[in-house]
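Spelled out, the chains give:
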Amino acid sequence: MLTDNGSAYRSKALPPPAPTPDQIPTHPARPTAINGKAERFIQNLPREWAYDFYCHECNGRLLDKSTHITGNALTPPLTTLLRPPRYMRPTFRNPQLFLMDYLAYIINRFIKLTIAVVILPIKILADFEYYGLPDGNLAKTISLLSDGNKATAPAYKSLIRRADIYINLPPRSVLDKSGIAKSGNKRDFYSLAPYWWPNPNTADGLPYIKRDGYVNPTSREGTDSTAFANTCQGVEQLGLAYHITGNERYAEKAADFIRAWFLNSRTSMNYEVNFAQEVPGLHSGRFEGIIEMRHLTRITDGIALIKRSSHWTKEDHEQFRSWLSKYYKWLLNVDLPIEKTTEFNNHLSWREVQVIQFSLVLDNREFAINRIKKYREELIESQIFDAGDQRLELLRANSLGYSLFNLEALFRLATLGEHLGENWWSYVGSKNQSLYSALDFVAPYCDATKPWIKSEVRPTDRRRIMPLLAQAYRVRKDEVTRKLLGRYYGDGDEIWRLYWPLDENLSDTPGSDHVLDNKAIDPTGEK
């Protein structure tokens, strides 16, 4: 420790303790002595103001000390910027030469300052940040794990178990499917509409007819749907495992998954999704198929988690950014047929999740702000009614499942709104409807014994309500939500508990005999 024992720095009110054998008094005026070094260090504090952050690598300090703007240091002292460097001092004898050199020096100085203050922060903020969660959530999770928090430990073990499974799985690509789109190109994403069945009244079964809620098992065969969803989920979970543990094997596998599906020139998927959710005999592709691309947000979030790894290269990053830019442009201009009954329901919500998140990722922030303002009003006004019910989703055969599915999209938009400074949580519509009223409508059905308001073709997994409650409770610390969490939160191993951790003790609320069980999901997608 450097100290200055000069008389000017001594406190009469707080005298120093008796010196120990390892303390050596020095002359206060000698710059080479300990107190002189301490004085120099003290003087350097305001001069080295730019180094107010931690660099993992030496090359992190790209700019000189007076223009490296990061952290809380937003503007340098003007004297530091304008003071001529030592190498210019001999030119004082030649004023004309000095003025020319000094002008060039100042111009160079302000160019660096502009880069540091304006350009670098924009690039850093927009370059594949983790937009799926509010700032600080993952840091909170890591802190809880470090402190031995018992509520997050099972989820962490589940994450590592899944990540280890993914490590042993081969990367998938669009070429792996046995079916093919009407284009005849296997690199086109291809899927079938799940609720459409062969027509019993025609010899060839065409055109297919809709039976809402009843999944045609052949719609899952020979298509890209399952493999694509599992690839995206794998990238995000491998990325999260790498982010928490620092194990490079997880980042390496996530990068392999991304390269096989998006970057490899032989196996990459085409960016235009014109053949998703085909209805045989009617449409070779539909607007509804865009909802299957919602998993792409997991890819950009996964990249944000592994981008510091050496296994994710600059070339990989630029290639994927180029692919995503093309898909984004296609998404904003797509013209595919859509059913009127689905035009304004969860399909619109999940499309906007993609549009706004990819706008952020691709540096189109102003567009994202305008878009999220527009759809905050439009979606809440058109989808949520005065009682909190989502009537467009209540029309579905699996109405509770679709109510939760749309609410998941709206909550995701609320999170994106936080990144953009636009508050969805406090917005109240013309009929007093809000995100909270929609959650309050479905929240009582955490109780598995409580019948839903209408029958469903297949029962909905009511555990899906839990992450919505945890997400809302982070913002609205209300007693009703706290009691529901205390009764049903339990100690499960679902990975969402790492995304929305609770550090409060909810055990003071009486337990329930109906705590939901926690089944693991096989990441291979097989039953």
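Computed from a predicted model, the values in this text were never measured in an experiment.

Reading the values: the criteria
Residues numbered from 1 in each chain as written. Predicted model: local features only at pLDDT ≥ 70, side-chain atom pairs only at ≥ 80, totals over all residues. Heavy atoms only, no water. Phe/Tyr/Trp six-rings, centres within 6.5 Å; stacked < 30°, edge-to-face > 60°. Helix = DSSP H or I, 4+ residues; strand = E, 2+ residues; numbered from the N terminus. Buried < 20%, exposed > 50% of the residue type's maximum accessible area, 1.4 Å probe, protein only. Axes fitted to C-alpha atoms, helices over the stretch in contact; angles between N-to-C directions. Parallel < 35°, antiparallel > 145°, perpendicular 65-115°, else oblique. Left-handed = near helix turned anticlockwise from the far one by under 90°. Contact = heavy atoms within 4.5 Å. Nonpolar A, V, L, I, M, F, W, Y, C, P; charged D, E, K, R; others polar. Expected span 1.5 Å × (residues − 1).

Caption draft 1: Quick peek at the packing of aromatic side chains. Summed over the entire model, instances satisfying the criterion amount to 17 aromatic pairs. When the ring of Tyr166 is compared with that of Phe257, the centres are 6.2 Å apart and the planes differ by 80°; the resulting orientation is edge-to-face. With a gap of 91 residues between them, Tyr166 in helix 5 (residues 153–167) and Phe257 in helix 7 (residues 248–263) connect regions that are remote in the sequence. In this structure Phe257 comes out as buried when scored by relative accessible area, which is 4%. Between Phe228 and Trp261, the ring centres sit 5.6 Å apart and the planes meet at 50°, which makes this aromatic pair tilted. Linking Phe228 in helix 6 (residues 225–245) with Trp261 in helix 7, this pair joins segments that are 33 residues apart in sequence. As far as the burial class goes, Phe228 and Trp261 line up, both buried.

Caption draft 2: A look at the packing of helix 6 against helix 8 (residues 296–306). At a minimum axis distance of 8 Å, the contact between helix 6 and helix 8 shows a crossing angle of 25°. With respect to each other, helix 6 and helix 8 are oriented roughly parallel. Pair helix 6 / helix 8 crosses with left-handed handedness. Packed against helix 6, whose contacting residues are Phe228, Thr231, Cys232, Gln233, Val235, Glu236, Gly239, Leu240, Tyr242 and His243, the element helix 8 presents Leu296, Arg298, Ile299, Asp301, Gly302, Leu305 and Ile306 at the interface. For the contact of helix 6 with helix 8, the class distribution of residues is nine nonpolar, five polar and three charged.

Caption draft 3: Geometry of helix 6. Under the 1.5 Å per step criterion, the end-to-end length of helix 6 is 30 Å for 21 residues, consistent within 8% with the ideal 30 Å. With 18 of 21 residues buried, helix 6 is to be regarded as a mostly interior element. One or two steps after helix 6, the chain reaches Gly246, where phi turns positive at roughly 80°.

Caption draft 4: Up close: unusual backbone geometry. Put simply, Leu206 and Pro207 share a cis peptide bond, and its omega is -10°. Summarising the element assignment, Pro207 is placed in the loop between strand 1 (196–197) and strand 2 (209–210). Residue Asp363 is not a glycine yet carries a positive backbone phi of 70°. Tracing the sequence through the fold places Asp363 in the loop between helix 10 (346–361) and helix 11 (365–383). Take Asp363: its relative accessible area is 41%, and that puts it in the partly exposed class. Residues other than glycine seldom take positive phi values, yet Asn432 does so here, at roughly 65°.

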